[in-house]
Amino acid sequence: MSKNLLPSLLLGGLLLCGAGPTAATPRIKVVKLAVTNPTDQLRRHENIVVSLADLNRIAPDFRAGDAIVTTSDAATLAEDARTLQTIELPSQADDLDADNKYDELAFQIELKPNQTRIVTIAYGETATIQRLRSDYPKRTAAKFTMKFDGLAWESEANAWRIYFDKRNAIDIYGKRRPGLYLEMFGAPEYVYNLESPLGRDIYRIGDAIGIGAVAALVDGKVVKVADVAERKWRIISAGPVRVIVELTYKAWQVGGREVNLTSRMTQWAGKHGFEHRISAEGADGLTLVTGVVRHPGLQEKVFQPTASEPALVRAWWGPQVVEEGPTATSIHNLPNQNLGLAIIAKGMDSKVAEDDSVNLLIKPQFTTGSASWYVMGMWDQENSDVLSVTATSADVRSRYGTIVQPVATPKSFDAFLERVRESSRRITQPARISVLSSSASPQSAPPDTLQSTRKRTYAEAIDLLKQSAERTAKKWEPIISQTPPEEATRDKGLGFFTEGDNQTGEWKEQKGFFWTGNFWVGELWQLYGKTKDERFRRWAELWNARLLGKEMTENHDTGFLNYYSSVQGYRQTRDVKYREGGLRAAERLKLLYNPTTELVAAWAVNGDDTIIDTMMNLQIWWWASHETNDPQWRSLGLKHALKSAEWLVREDGSVAQSVHYNPGDNRQEFFSSQGANSNLKFPNTARPGEKVFTHTHQGFAADTTWSRGAAWALYGFTVAYAETKDPRLLQTAEKIAAYVDAHLPEDNVPWYDYVDEGVHFRNRDTSAAALIAGGLLRLSEVTADQKRAQAYRQKGEAVVQSLIDRYLTPVGADDKTPPGVLRHGSSTRPSDVTLVYGNYYLLEDLLWLEGNK
């Protein structure tokens, strides 16, 4: 990118007509709902429909196609505000009237008895949502083919079809294994009447109306929807949540009148039934009915409508499963298989109608030309041939690779009735939905950062951090002293810490110094330099001693560990042992450098992975270059920085965390630092030194931007430019600065990932904010354009001010947390903690600002 394009990247953020820092436009907004189970019964998969007209009244820019639905166990907005991780619910937007605009948003949610759950509907720009939304498995389907004689629809539980001719009857396909099989049933040469481990056509209709179809009752006789001028079919939607199909009948001649009729069938994922909703024009005075086929030997039960359950329920159980084979020669029902059928007709006026010789009938309640009923079917052979893969390899399907295990399904009329009554209560007592938001807004920052507070000075903030350091050193000095310096390692010995509690400020005990122990040592050295208090020097030397001599055993973090400890110690004391430790770290980092890739491998010599964090580790080389006057360190650092800019910084300034490559041995298996069993087989044809793939350890996804990773990059490339004066590195730093500025939320403290703005994980990261401020402040020193330099400085100051006013305790008069706790850092989602490196970089920022007034 040419340098003269950079100002355009910053428009709307840093350089708006010379104005000061501005809040970026959020990519994501949210609307909050409360969904309540009004009954004392568990609802495993409650069907929820949200009207988009209702949402658009409070969020005019809402787009259902660019939305994600999440929830948690929060029952109130206050609990929801403290939620760190959400559960994504598969959702589906449906255009019901074919006007190319969505009308409803549908999803399913589990509700415990009387439970209320807060649901968040997040929406935003298409590219952002596409990066965040999961791929939902398809759980419903529909198909029209004359192989079925018409239109069919299904969930994993069963499938239905309606004859697209004068019969206009509805039939059922039973399933032995859950799944979507209409494509298979409709394939050429496939005979769906024959027995199968998956399922088949199990019902015989004859001259009846089938299961849940609509007909008219004229002079005591059933008249099918047969004599029509025109009939049309339409698949409205079929996706992860529900399937909706529709048939329209023009000019149905019935009972001496002409009726225009619409039938709409909706089946939800996992459900054994479908809603049949009817609207009729010209049917006033006409008796419309539904029902099932009359088969001999059925048990029957009727439940009349009640005030609490206003629906008529008529259910049947018995031998109504036809034997396999084409219907023409197979007309007998199997005596050893049972099928349960039920119709739930909503409304107090729904009634049992007089049956005829082939139909068992119900007269649903019609209101202003509309009615709806629920049709349910359960076969006692369901789940009788369920196949489970048990082998570790998915392609091993035979012998020891699979087992067939029966799963419970209703085997009696009583068990079936229990499921029917459960469905009836779900239909007549649906979940209550309340829209809690008065308008759409970004996901809020943590509640304890929203209290009004006065503006702090930098000196006051430094004093708070000093109090925290004194408190910490006094408590942990006896602990660190228990392990002799020579015995301390990365994972052995007590006395170092990384994460602490947001409320108590207490640090969590850990084994070894990890990659972060240097930041505590660096904070002590910085405070010694600021105060000349000999206690801080003594504490710094106490902890620093545990790092000395371990430089050559470390991975790329040797730069972190020894720059912020030994190098800082040498600057403060000129003690030669610290200089030697820093130079050993530079040598160790050189061993990890691969001239084929021109990158420092993150974890081992000849490794295949480099992470953006290493840009900060280059500081050990920049220091070594000055200290020794040896140009090799600057040369190595420049090569690593340039390749990192090419491979880890995208065109828009966003940042990938990690890149894997062919280090020179054409490997097909790649190592990740994420623990045991973390090797990844990744077939590739990359030549030596070529990139294979990028990924993330701590961000949301490989194609998003982990905020601390972007912060490492901003700071690292800025310092790299200051040391090398290579304009490509300045361009890279400014490109990252533009991206960061455009994605910071209102209070300038980033989400843990810039793309996931609190949708899946609601973690802010104050450590990233402190790093961003440090990068921007340093960028203001090296940018030649004074207007831009001023904007960088102003933005850096704004970030620091937000941290010390809203996140550094005490926040507000009633804050009981000890002084100097920097809340809401995120090491790895969904952790929400105070971080030792957040403290260090905030102190570094404050000292810089005090020294550069």
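Look a little higher up for the structure.
What this report covers is the structure whose coordinates are included nearby. (Residues numbered from 1 in each chain as written. Predicted model: local features only at pLDDT ≥ 70, side-chain atom pairs only at ≥ 80, totals over all residues. Heavy atoms only, no water.)

### Brief notes about the overall build of the protein
Per the secondary structure count, the protein includes 19 helices and 37 strands. Once the C-alpha set of the protein is aligned to its principal axes, its extents read approximately 105 × 60 × 55 Å. A buried classification covers 58% of the 853 residues belonging to the protein. Taking the intrachain contacts of the protein between residues at least 6 apart in sequence as the baseline, contacts between residues at least 24 apart amount to 69%. Carbon together with sulfur atoms contributes 50% to the accessible area of the protein, which is approximately 33800 Å² in total. (Helix = DSSP H or I, 4+ residues; strand = E, 2+ residues; numbered from the N terminus. Buried < 20%, exposed > 50% of the residue type's maximum accessible area, 1.4 Å probe, protein only. Contact = heavy atoms within 4.5 Å. Areas by Shrake-Rupley, 256 points an atom, 1.4 Å probe, with all protein chains shown as cover.)

### Focus: the side chain of Gln657
Along the chain, the position of Gln657 falls in the loop between α14 (631–648) and β33 (658–661). The exposure class assigned to Gln657 is buried, which follows from its relative accessible area of 4%. Looking at Gln657, its side chain comes within polar contact range of the main-chain nitrogen of His697, at 2.7 Å. (Polar contact = N/O pair within 3.5 Å; in protein donor to acceptor, adjacent residues only side chain to side chain.)

### Some remarks on the nonpolar core
Counting 130 residues, the largest nonpolar core has Trp543, Trp621, Phe717, Tyr841 and Leu842 as its most contacted members. Core analysis: the next-biggest nonpolar cluster, separate from the first, contains 56 residues, Trp160, Ala216, Val245 and Tyr249 among them. (Core = buried A, V, L, I, M, F, W, Y, C linked by side-chain atoms within 4.5 Å.)

### Focus: the pattern of salt bridges
Counted according to the given criterion, the structure contains 56 salt bridges. In this structure, Arg27 engages Glu125 in a salt bridge whose closest nitrogen and oxygen atoms are separated by 3.8 Å. Highlighted residues: Arg27 in the loop between α1 (6–10) and β1 (28–36) and Glu125 in the loop between β7 (116–124) and α4 (126–132), separated in sequence by 98 residues. Measuring nitrogen to oxygen at the nearest pair gives 2.6 Å for the salt bridge that ties Glu850 to Lys530. Of this pair, Glu850 sits in helix α19 (residues 836–851) while Lys530 sits in helix α8 (residues 517–531), placing them 320 residues apart in sequence. Overall, the relative accessible area of 43% leaves Lys530 in the partly exposed class. Counted as one network, the salt bridges with shared partners bring together Lys466, Glu470, Asp533 and Arg535. (Salt bridge = Lys/Arg side-chain N within 4 Å of Asp/Glu carboxyl O.)

### Let's talk about the sheet that holds strand β20 (residues 299–303)
Hydrogen bonds between backbone groups are what pair the strands of a sheet, and the pairing can be parallel or antiparallel. Taken together, eight strands build an open sheet; the order of strands is β15-β16-β17-β18-β25-β22-β21-β20 and the sheet is antiparallel. Strands with a single pairing partner mark the edges of an open sheet, and in this sheet they are β15 (230–238) and β20. On average, each strand axis in the sheet is inclined to that of its neighbour by 15 degrees, with strand direction left out of account. In the sheet, strand β18 (residues 273–281) pairs with strand β25 (residues 370–379) via seven bridges, with the strands oriented antiparallel. Following the sheet pairing, Glu275 is matched in β25 by Tyr374. Across the sheet, helix α6 (residues 413–428) is in contact with β20, β21 (311–318), β22 (339–346) and β25; its angle to β21 comes to roughly 155 degrees. (Pairing = 2+ DSSP bridges. Axes fitted to C-alpha atoms, helices over the stretch in contact; angles between N-to-C directions.)

### Points about the pairing of strand β5 (residues 91–94)
Regular strands show a simple pattern: their side chains alternate between the two faces of the sheet. With burial as the criterion, each face of β5 is covered, one bearing Ser91 and Ala93 and the other bearing Gln92 and Asp94. Pairing of β5 with strand β6 (residues 104–111) involves four bridges; the strand directions are antiparallel. Bridge pairing in β6 places Gln92 opposite Ala106.

### Some words on the environment of His295
Assignment of secondary structure puts His295 in the loop between β19 (288–293) and β20. The exposure class assigned to His295 is buried, which follows from its relative accessible area of 7%. With sequence-adjacent residues up to four places away left out, His295 is seen in contact with Tyr203, Arg204, Gln320 and Asn333. From its side chain, His295 meets the backbone oxygen of Arg204 in a polar contact 3.3 Å long.

### Points about the environment of Ala251
Relative to the elements of secondary structure, Ala251 occurs in strand β16 (residues 242–254). The exposure class of Ala251 is buried, given its relative accessible area of 8%. Separated by 24 residues in the primary sequence, Ala251 and Asp227 place their C-alpha atoms 8.2 Å from one another. Among residues more than four places away in sequence, those in contact with Ala251 are Asp227, Val228, Ala229, Glu258, Val259 and Asn260.

### Considering a nonpolar patch on the surface
A cluster of nonpolar side chains, contributed by Met552, Leu591 and Val605, occupies part of the molecular surface with about 270 Å² of accessible area. Here Met552 lies in the loop between α9 (534–544) and α10 (558–573). (Patch = residues over 30% accessible without salt bridge, like charges linked within 9 Å, V, L, I, M, F, W, Y side chains within 5 Å.)

### Some points on the packing of helix α7 (residues 458–480) against α19
As a packed pair, α7 and α19 sit with axes 10 Å apart at the nearest point and diverge in direction by 145 degrees. Viewed along their axes, α7 and α19 form a crossing whose handedness is left-handed. Taken together, the residues of α19 that come into contact with α7 (itself represented by Tyr458, Ala459, Ala461, Ile462, Leu465 and Ser468) are Asn839, Leu842, Leu843, Leu846, Leu847, Leu849 and Glu850. Within the contact of α7 with α19, the residues separate by chemical class into 10 nonpolar, two polar and one charged. (Left-handed = near helix turned anticlockwise from the far one by under 90°. Nonpolar A, V, L, I, M, F, W, Y, C, P; charged D, E, K, R; others polar.)

### Let's talk about the pairing of β22
Of all eight residues that make up β22, seven are buried, and the element is covered over most of its length. In this structure, β21 lies alongside β22, joined through eight bridges in antiparallel fashion. Its bridge partner being in β22, Ala311 is matched across the sheet by Lys346. Looking at chain direction, β22 and β25 are connected through seven bridges and run antiparallel. Residue pairing across strands places Ile343 opposite Val375, the latter belonging to β25.

### Side note on unusual backbone geometry
Geometrically, the link from Thr809 to Pro810 is a cis peptide bond, its omega value of 0 degrees lying close to zero. Tracing the backbone through its elements, the reader meets Pro810 in the loop between α18 (786–807) and β37 (834–835). Backbone torsion omega between Arg829 and Pro830 reads 0 degrees, so that peptide bond is classified as cis. Residue Asp149 is not a glycine yet carries a positive backbone phi of 65 degrees. Looking at the element boundaries, Asp149 is found in the loop between β8 (140–145) and β9 (150–155). Its identity as a non-glycine residue notwithstanding, Thr368 has a phi of 45 degrees, on the positive side. If you trace the backbone, Thr368 turns up in the loop between β24 (359–363) and β25.

### As for α10
For α10, built from 16 residues, the straight-helix expectation of 22 Å at 1.5 Å per residue is met to within 8% by its first-to-last C-alpha distance of 21 Å. Maximum bend of α10: about 30 degrees, positioned at Tyr564. Arg574 sits one or two positions beyond α10 and adopts a positive phi of about 60 degrees. (Expected span 1.5 Å × (residues − 1). Bend = angle between axes of the 7 residues up to and from the residue.)

### Looking at the side chain of Ser424
Checked against the element boundaries, Ser424 lands in helix α6. Ser424 gets classed as buried once you look at its relative accessible area, which sits at 0%. Excluding its chain neighbours within four sequence positions, the residues that come into contact with Ser424 are Glu309, Ala311, Val313 and Ile344.

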